[in-house]
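Okay, here's what each chain looks like letter by letter:
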Amino acid sequence: MNVLAIKEVSFSYLPSQPVFEQINLTIGQGRFLAMVGPNGAGKSTLLKLCVGLLKPTAGRIELLGTPLEQFKDWSKVVYIAQQTLRDRNFPATVEEVVAMGRVAPAGIGNRLKKADYDLVEEMLITVGMQDFRKRMIGELSGGQQQRVAIAKALVAKPEVLLLDEATSGVDTATRENIYSLLRSINQAQRMSIIMVSHDVECISHYADQIANVDGGITYYGDPADFQQFCRLQRGSRPAQGDWGEISYV
Amino acid sequence: MFELLQYDFMQRALLAGILVGILCPVIGVFLILRRQSLIGDGLGHIAFAGVTAGWLLGVYPVLSATVVTVLSALGIEELRSRRPVFADMVLAIFFYSGIAVAIILSSMVKSNNVNLISYLFGSIVTVSESDVQTIAGLTVVVLGILFFIFKELVAVTFDEEAARVSGIPVKKINTMIAVLTALTVSVSMRIVGILLVSALMVIPVAASLQLSRSFRSTLINAVIISEISVLAGLVLSFRADLATGGTIVMTAVTIFIGAFLSKQLNGFSLARMGTHKSE
Ligand SMILES: Nc1ncnc2c1ncn2[C@@H]1O[C@H](COP(=O)(O)OP(=O)(O)OP(=O)(O)O)[C@@H](O)[C@H]1O
Ligand SMILES: [Mg+2]
């Protein structure tokens, strides 16, 4: 089964400026797909379309085999936005933020139980933030905040994780650290990951698929072949459509 | 302090004050963090239109105010969710319409404007048995609903998009917050007065934010600060024969200033320690 299928999807914020026109992409279960591409290419937009925060102007999207409009299993999907902390002064501890990931799974109106808090503790350890549990969320560095966001995602035990990497405040070493963490989670828990990355070079070592987003999907496939694609592109730029339909899944 | 309790009206005022003192900051935490601090103020002015309408029609003013504020809150929330950019403007329009209607209606009320004024400024002597019953009933309802959807409210307030994707019914939660705010305003206006209702939702929370280092403690400290303000304010206003609402709010403001200064001073000394270390 496919985790995600994007079929002939078009989208525009303003009628005169389409971000996507009839793009296609299918992602198999258990994959770790990295979306790369220049700023403003549409990576965040594509991720928001996939989780229903934006509606395509044409075409359809299927999550876990179900068209988005009918999709109900939201407990299986977690989305982490590019900017996870909107308000640095929000009064909450790391622990409290991670526990918010259990809110939907616990069910509306139900209290969180000991098992929920045990899971919070477990995931704090997984992401290596257990010593920061009482710290205020706004007092963490960019990389630490991203780890907390990942822990908050993991406590929901999703089948699919869609993650929009933060652009600012994360150095290469921390970034690599987080990629390797995600890679191990992807392998250990068979959790499918679709991640926007801003470091093509680095993510290629961790992801098992790359999608290059640039007004469409201009490349989709193996990280190794992507190097080749980049070299090719630097020489004679292939027509975008040539790469749009390729799918190895 | 205890001799105050001989007076029936003081018993009623204290009871009503304690309830309002819990309610206002609990709802206020969410309003402040959602950048909607002023919605209580807008709804307060709309409540005044409701009070005057009730007065004219011979309906219990707290009831008519409750109906009008709840309906307006639903309208404001609906428009806000459609056009978040204009949320401010929408609130302003409701706010001024509320005052305008209230002014027109109160000019039609020929007799006894003293009682209308007690709604504006809050008054302990005019709190009646039925006021206390209404306040108690609404407080139980609002706190009950808040308790039920508390964790969802926190999650939506922290990150609305993530909450929406995780399947939390964000729109329903937002509507609920609007309705609960309206109810809180209606409940609180007898004690602190329409003009200062919003202050009790905002100031204790603002003070608590200076001192607290988790969501839990922010909430608890806000309620404690609010209760201190209400109780001290009530006693003081009785002793010194001052206006109730104003005294309560100025007590809260004093606590806020204390909290703010203590935070600044702490920050200052930490910063100085920092520079000494790096020297
Ligand atoms: N809310 C919006 N309203 C109008 N246009 C938008 C909006 N958000 C994004 N855009 C436009 O859509 C295009 C795609 O933006 P998007 O945020 O998806 O890019 P991105 O690939 O995520 O970029 P980055 O690498 O900087 O995160 C850009 O041209 C951007 O200007
Ligand atoms: Mg982006």
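Just so you know, these numbers come straight off a predicted model, no measurement behind them. (Residues numbered from 1 in each chain as written. Chains lettered and ligands numbered in written order. Predicted model: local features only at pLDDT ≥ 70, side-chain atom pairs only at ≥ 80, totals over all residues. Heavy atoms only, no water.)

## Topic: the overall build of chain A
Moving on, step 1. What chain A contains, in helices and strands, is 9 helices and 10 strands.
Moving on, step 2. In terms of overall size, chain A behaves like a compact globule, its C-alpha atoms giving a radius of gyration of 18 Å where 249 residues would be expected to give roughly 18 Å.
Moving on, step 3. If one aligns the C-alpha atoms of chain A with their principal axes, the spans along those axes are about 55 × 40 × 35 Å.
Moving on, step 4. Looking at the 249 residues of chain A, the share that counts as buried comes to 55%.
Moving on, step 5. Of the contacts formed within chain A by residues at least 6 apart in sequence, a portion of 68% connects residues at least 24 apart.
Moving on, step 6. Carbon and sulfur atoms make up 48% of the accessible area of chain A, which amounts to about 10900 Å² in all.
Moving on, step 7. Taking the average place of the 26 positive charges on the side chains of chain A and the average place of its 27 negative ones, the gap between the two points comes to 4 Å. (Helix = DSSP H or I, 4+ residues; strand = E, 2+ residues; numbered from the N terminus. Rg over C-alpha atoms; globule rule 2.2 N^0.38 Å. Buried < 20%, exposed > 50% of the residue type's maximum accessible area, 1.4 Å probe, protein only. Contact = heavy atoms within 4.5 Å. Areas by Shrake-Rupley, 256 points an atom, 1.4 Å probe, with all protein chains shown as cover. Lys, Arg positive; Asp, Glu negative; His and termini not counted. Charge placed at Lys NZ, Arg CZ, Asp CG, Glu CD.)

## Examining the packing of helix α9 (residues 170–192) of chain B against helix α10 (residues 197–211) of chain B
Residue and element names in this part refer to chain B.
Moving on, step 1. Running from N to C, α9 and α10 cross one another at 105 degrees; their axes reach a closest spacing of 7 Å. In this view, α9 runs roughly perpendicular relative to α10, as classed from their interaxial angle. For the pair formed by α9 and α10, the contact residues are T181, T184, V185, S188, M189 and V192 on the first element and V197, L200 and M201 on the second.
Moving on, step 2. Looking at the contact of α9 with α10 residue by residue, the class counts come to 6 nonpolar, 3 polar and no charged. (Axes fitted to C-alpha atoms, helices over the stretch in contact; angles between N-to-C directions. Parallel < 35°, antiparallel > 145°, perpendicular 65-115°, else oblique. Nonpolar A, V, L, I, M, F, W, Y, C, P; charged D, E, K, R; others polar.)

## Quick notes on the sheet that holds strand β1 (residues 2–14) of chain A
Residue and element names in this part refer to chain A.
Moving on, step 1. Here 4 strands make up an open sheet; going across it, the order is β2-β1-β4-β5 and the pairing antiparallel. Every interior strand has two partners, whereas the edge strands, β2 (17–28) and β5 (66–67), have only one.
Moving on, step 2. With 5 bridges joining them, β1 and strand β4 (residues 58–63) adopt antiparallel strand pairing. Bridging across to β4, A5 finds its partner in E62.
Moving on, step 3. Of the strands in this sheet, β1, β2 and β4 touch helix α1 (residues 43–50), which is tilted by about 120 degrees from β1. (Pairing = 2+ DSSP bridges.)

## Digging into the coordination of the magnesium ion (ligand 2)
All names here are of chain A.
Moving on, step 1. S44 (OG) and Q82 (OE1) make up the full set of protein donors to the magnesium ion (ligand 2), lying at 1.9 to 2.2 Å. Of this pair, S44 sits in helix α1 while Q82 sits in the loop between β6 (77–80) and α2 (94–99), placing them 38 residues apart in sequence.
Moving on, step 2. Residue classification places Q82 among the partly exposed residues on the basis of a relative accessible area of 27%. (Donors = N, O, S within 2.8 Å, 3.2 Å for Na, K, Ca; no water.)

## Topic: the interface of chain B and chain A
Note: interface size is frequently given as the accessible area lost on complex formation between the parts.
Moving on, step 1. Facing the 27 residues of chain B at the interface are 32 residues of chain A.
Moving on, step 2. Summing the contributions of chain B and of chain A, the shared interface buries around 2500 Å²; its carbon and sulfur component is 65%.
Moving on, step 3. Among the residues of chain B in contact with chain A, K151(B), F158(B) and V165(B) are the three that bury the most area, contributing 32% of the side total.
Moving on, step 4. Taken together, the links from chain B to chain A amount to 4 salt bridges. (Buried area = accessible area lost by both parts, 1.4 Å probe. Salt bridge = Lys/Arg side-chain N within 4 Å of Asp/Glu carboxyl O.)

## As for the confidence of the model for chain B
Residues and elements named next belong to chain B.
Moving on, step 1. With 94% of its residues at a pLDDT of 70 or more, chain B shows a mean pLDDT of 89.
Moving on, step 2. Throughout residues 275–279 the model reports pLDDT below 50, and contacts reaching past four residues in sequence, or to other chains, amount to 0 contacts.
Moving on, step 3. Model confidence for the complex: the whole-complex pTM is 0.88, and ipTM, which rates the interface, is 0.86. (pLDDT = per-residue confidence, 0-100.)

## A closer look at the site of ligand 1
All names here are of chain A.
Moving on, step 1. Taken together, the residues surrounding ligand 1 are Y13, V19, P38, N39, G40, A41, G42, K43, S44, T45, Q82 and H198.
Moving on, step 2. Between A41 and ligand 1, the recorded distance is 3.2 Å, taken from a backbone N or O atom to an oxygen atom.
Moving on, step 3. Contact with the protein chains hides 59% of the accessible area of ligand 1, taken as 630 Å² for the molecule alone.
Moving on, step 4. When residues of the shell around ligand 1 are assigned to their parent elements, the largest contribution, 3 residues, is made by α1.
Moving on, step 5. Taken together, the residues that form the shell around ligand 1 break down as 4 nonpolar, 7 polar and 1 charged. (Near = heavy atom within 4 Å. Polar contact = N/O pair within 3.5 Å; in protein donor to acceptor, adjacent residues only side chain to side chain.)

## As for a nonpolar patch on the surface
All names here are of chain B.
Moving on, step 1. There is a patch of nonpolar side chains on the surface, built from L56, L57, V59, L63, V67, L71, L74, I104 and M108 and spanning about 830 Å² of accessible area.
Moving on, step 2. When contributions to the nonpolar patch are tallied by element, the ones reaching two or more residues are α2 (39–57), α3 (61–82) and α4 (87–108).
Moving on, step 3. The element that contributes the greatest number of residues to the nonpolar patch is α3, accounting for 4 residues.
Moving on, step 4. Tracing the chain through its elements places L63 in helix α3. (Patch = residues over 30% accessible without salt bridge, like charges linked within 9 Å, V, L, I, M, F, W, Y side chains within 5 Å.)

## Remarks on the side chain of T157(B)
Moving on, step 1. Counting through the fold element by element, T157(B) comes out in helix α7 (residues 150–158).
Moving on, step 2. Residue class for T157(B) comes out buried when judged on its relative accessible area of 10%.

## Here's the deal with the environment of K263(B)
Residues and elements named next belong to chain B.
Moving on, step 1. As for its position among the elements, K263 is in helix α12 (residues 244–278).
Moving on, step 2. Residue K263 is classed as partly exposed on the basis of its relative accessible area, which comes to 41%.
Moving on, step 3. With 52 residues separating them along the chain, K263 and L211 place their C-alpha atoms 7.1 Å apart.

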